[in-house]
Amino acid sequence: MIHKYLTFHSFLVPIVFWLISTFLFQIVFHIPEVIANENTVIIIRGQEITAYNKVIAGFEKGCNERNIFIEKIYDLKGDVEEGKKVIQSIKANKQKPDLIFAVGILAAVLSKIQFTNIPIIFCMVINHERFNLQGANITCISTEVSVEDQFAFLKELFGTVRNVGVIYDPLKTRNIISKAIPVAKKFEFNLIKAEITSNKEVTSALKKIANEIDVLWIIPDSTVITRSSLSVILETALKHRLPTFCTSGVIVKEGAIASISPDYTDIGIKAARMAQTLLNSPTVISLGIKQPDKLRLSLNIQTANKIGIDISSIQSRPNVVLYP
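So, here's what we can say about the structure.

Thresholds, definitions, all that
Residues numbered from 1 in each chain as written. Predicted model: local features only at pLDDT ≥ 70, side-chain atom pairs only at ≥ 80, totals over all residues. Heavy atoms only, no water. Helix = DSSP H or I, 4+ residues; strand = E, 2+ residues; numbered from the N terminus. Expected span 1.5 Å × (residues − 1). Buried < 20%, exposed > 50% of the residue type's maximum accessible area, 1.4 Å probe, protein only. Polar contact = N/O pair within 3.5 Å; in protein donor to acceptor, adjacent residues only side chain to side chain. Core = buried A, V, L, I, M, F, W, Y, C linked by side-chain atoms within 4.5 Å. Contact = heavy atoms within 4.5 Å. 1 Å grid on protein atoms, 1.4 Å probe; cavity = no way out; pocket = protein on both sides within 12 Å on 5 of 7 lines; lining within 4 Å. Points joined across faces, edges and corners; volume = space filled by probe spheres on them. Nonpolar A, V, L, I, M, F, W, Y, C, P; charged D, E, K, R; others polar. Phe/Tyr/Trp six-rings, centres within 6.5 Å; stacked < 30°, edge-to-face > 60°. Lys NZ or Arg CZ within 6 Å of the ring centre and 35° of its normal. Right-handed = clockwise from strand over helix to strand, strands pointing away. Pairing = 2+ DSSP bridges. Axes fitted to C-alpha atoms, helices over the stretch in contact; angles between N-to-C directions.

1. Considering helix α10 (residues 264-280)
- With 17 residues, α10 should cover 24 Å at 1.5 Å per step; its first-to-last C-alpha distance of 25 Å lies within 8% of that length.
- Taken residue by residue, α10 has Asp266, Ile267, Gly268, Ile269, Lys270, Ala271, Ala272, Met274, Ala275, Leu278 and Leu279 as its buried positions.
- Its side-chain oxygen 3.2 Å from the backbone nitrogen of threonine 265, aspartate 263 forms the N-cap of α10.

Given below as C-alpha cells:
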C-alpha cells in the first residue's frame, strides 16, 4: 500500500510542478505581451466648449463599446503656447499613443505638424480645406453639412423662394460658393452673391441685396460672422422680413429662423468606428475625408412667427431643436 502511494506521489509531483511552471511562465511572459500590444488612444481638445464636449462624449461611448482604451484627454485651453507644452509632454512620454483624436482647429493643426507617424482623426474644424490639414496619416470628419443637403432642406422649408442671398469673403469661403453655384441651379435657386473683404462691409452688403432676395443664407465665414456683425445681420433681416438660414444652432438661438448642422454626439461615435478600423488595420493610416452621418435641425419659432412663416410641419419632427 505504501509502495503504491509512493509510486502515485512520484508520478503526481512532476505533473504539479509542470502546471505551476506553465502558469508562472504565462504570468511572466504572456501578460506583459498583452499589455504591450493593447491599443491606446488619446484625445486632444482645442478648448472646453459644449460642442467639443458632445463630440468627445460620443467618442468615449463608441470606444467603450469597442473596447478601445482612451488613455487621457488633453485640453489646450484655446492657447497656442499651452498647446505646444501639451504636445511636448505627449512626445516626451515613452509610451506613444496608437491613435490621436483631435477636436478643434488648434488641436488638429498642432497634431498634424507634430505627429506624422501616428494616425490622426480630427473634427470640428470649420472650412478645414483652408488649413492644409492633409497628410498620409490624417483622417477628417467634416463639420460642414454638404451644400446639397443644405439646399434640399432650404427647398423643403421655403419651397416658393427663388432668390437666395449670401455674403462672403472670397479669401475665406470661395470654395463653398463654387460648390453652391451648380447646386443652386439644380434646386432652381438664383444665388445672389455679395463679396466683401472686411467685416466693416457687412452692413452695406446686406442692405444692397436685401430687396433682391427671398432668403439669406448665412455661411461659416469668419469675415462675415463676428459678435458685432451677427446681431446687425439678424436685425436687418428681421426688419426686411427676410428668413435667415444657416448651419449653426447657436445662430438660430440668436434669431436666425433655421439651421441644419451635424449631430455632434454622432460625430464622436463615427470617429470611434473609424478609430477601430485604423487600429485593426496597421497598414491603413488614413480614411480620407468623411461627411457626418446624422444631421440635426434647429428652428426659432419666435422668429418664424414674426416673419410670418409656417414651420409647423417641420417642428413636429423628432429630434428637432426648438428655440426659444
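Still to come is the rest of the account.
2. Points about the nonpolar core
- Membership of the largest hydrophobic core comes to 34 residues, with the highest contact counts inside it found for Phe151 and Trp217.
- Residue assignment for this core shows that the elements contributing at least two residues are α5 (147-157), β6 (163-168), α6 (170-186), β8 (215-217), β10 (258-262), β12 (295-300) and α11 (301-307).
- Apart from residues lying up to four places away in sequence, tryptophan 217 is in contact with Val147, Gln150, Phe151, Val164, Gly165, Val166, Ile176, Ile177, Ala180, Leu191 and Phe245.

3. Comments concerning the layout of surface pockets
- By volume, the second largest pocket is sized at about 160 Å³.
- Elements that contribute at least two residues to the lining of the second largest pocket include exactly β5 (138-141) and β11 (288-290).
- Per element, the largest residue contribution to the lining of the second largest pocket is 3 residues, and it comes from β5.
- Taken together, the residues of the lining of the second largest pocket sort by class into 5 nonpolar, 7 polar and 1 charged.

4. Overview of empty space enclosed by the protein
- Following the criterion strictly, the structure yields 2 cavities of 30 Å³ or more and no others.
- In this structure, the largest cavity encloses a volume near 50 Å³.
- If you trace the largest cavity, you find it lined by Ile167, Leu216, Trp217, Ile218, Ile219, Val224, Ile225 and Ile233.
- Residue classes in the lining of the largest cavity are distributed as 8 nonpolar, no polar and no charged.
- Lining of the second largest cavity is provided by Ile42, Glu71, Tyr74, Ile90, Asn93, Gln95 and Pro97.

5. Considering the side chain of serine 111
- As for its position among the elements, serine 111 is in helix α4 (residues 105-114).
- Take serine 111: its relative accessible area is 0%, and that puts it in the buried class.
- Contacts of serine 111, omitting those with residues within four sequence positions, involve Ile44, Ile100, Ala102 and Ile120.

6. Points about the packing of aromatic side chains
- Taken as a whole, this structure holds 5 aromatic pairs when the rule is applied.
- Considering the side-chain rings of phenylalanine 151 and tryptophan 217, the 4.9 Å spacing of their centres and the 70 degrees angle between planes classify their relative orientation as edge-to-face. Here tryptophan 217 lies in strand β8 and phenylalanine 151 lies in helix α5, a separation of 66 residues in the sequence.
- Taking the relative accessible area as the measure of exposure, tryptophan 217 reaches 1% and is therefore buried.
- Note on phenylalanine 187 and phenylalanine 189: the rings are 6.5 Å apart at their centroids and 20 degrees apart in plane angle, and the pair reads as stacked.
- Site record: aromatic cluster; members linked through ring pairs are Phe151, Phe187, Phe189 and Trp217.
- Above the plane of the ring of phenylalanine 189 lies lysine 155, whose end atom (NZ or CZ) is 5.4 Å from the centre.

7. Here we look at the pairing of strand β4 (residues 120-123)
- Neither face of β4 is left uncovered, since the one carrying Ile120 and Phe122 and the one carrying Ile121 and Cys123 both have all their residues buried.
- Handedness of the crossover joining strand β3 (residues 99-103) and β4 through α4 is recorded here as right-handed.

8. Quick word on the sheet that holds β3
- Overall, parallel pairing links the 6 strands, which are arranged β2-β1-β3-β4-β5-β11 in an open sheet. Looking along the sheet, the strands with just one partner apiece sit at the ends: β2 (69-75) and β11. Across the sheet, the mean angle from the axis of one strand to that of its neighbour is 20 degrees, orientation sign disregarded.
- Looking at chain direction, strand β1 (residues 40-45) and β2 are connected through 6 bridges and run parallel. Within the sheet, the bridge partner assigned to threonine 40 lies in β2 and is phenylalanine 69.
- On the sheet, helix α2 (residues 50-65) packs against β1, β2, β3 and β4 and is oriented at approximately 175 degrees with respect to β1.

9. Here's the deal with the side chain of serine 298
- Mapped onto the elements, serine 298 comes out in strand β12.
- Beyond its immediate chain neighbours, meaning those up to four positions away, serine 298 contacts Gly249, Val252, Ile257, Ala258, Ser259, Val321 and Tyr323.

No statement about biological role is implied by the geometric values presented.
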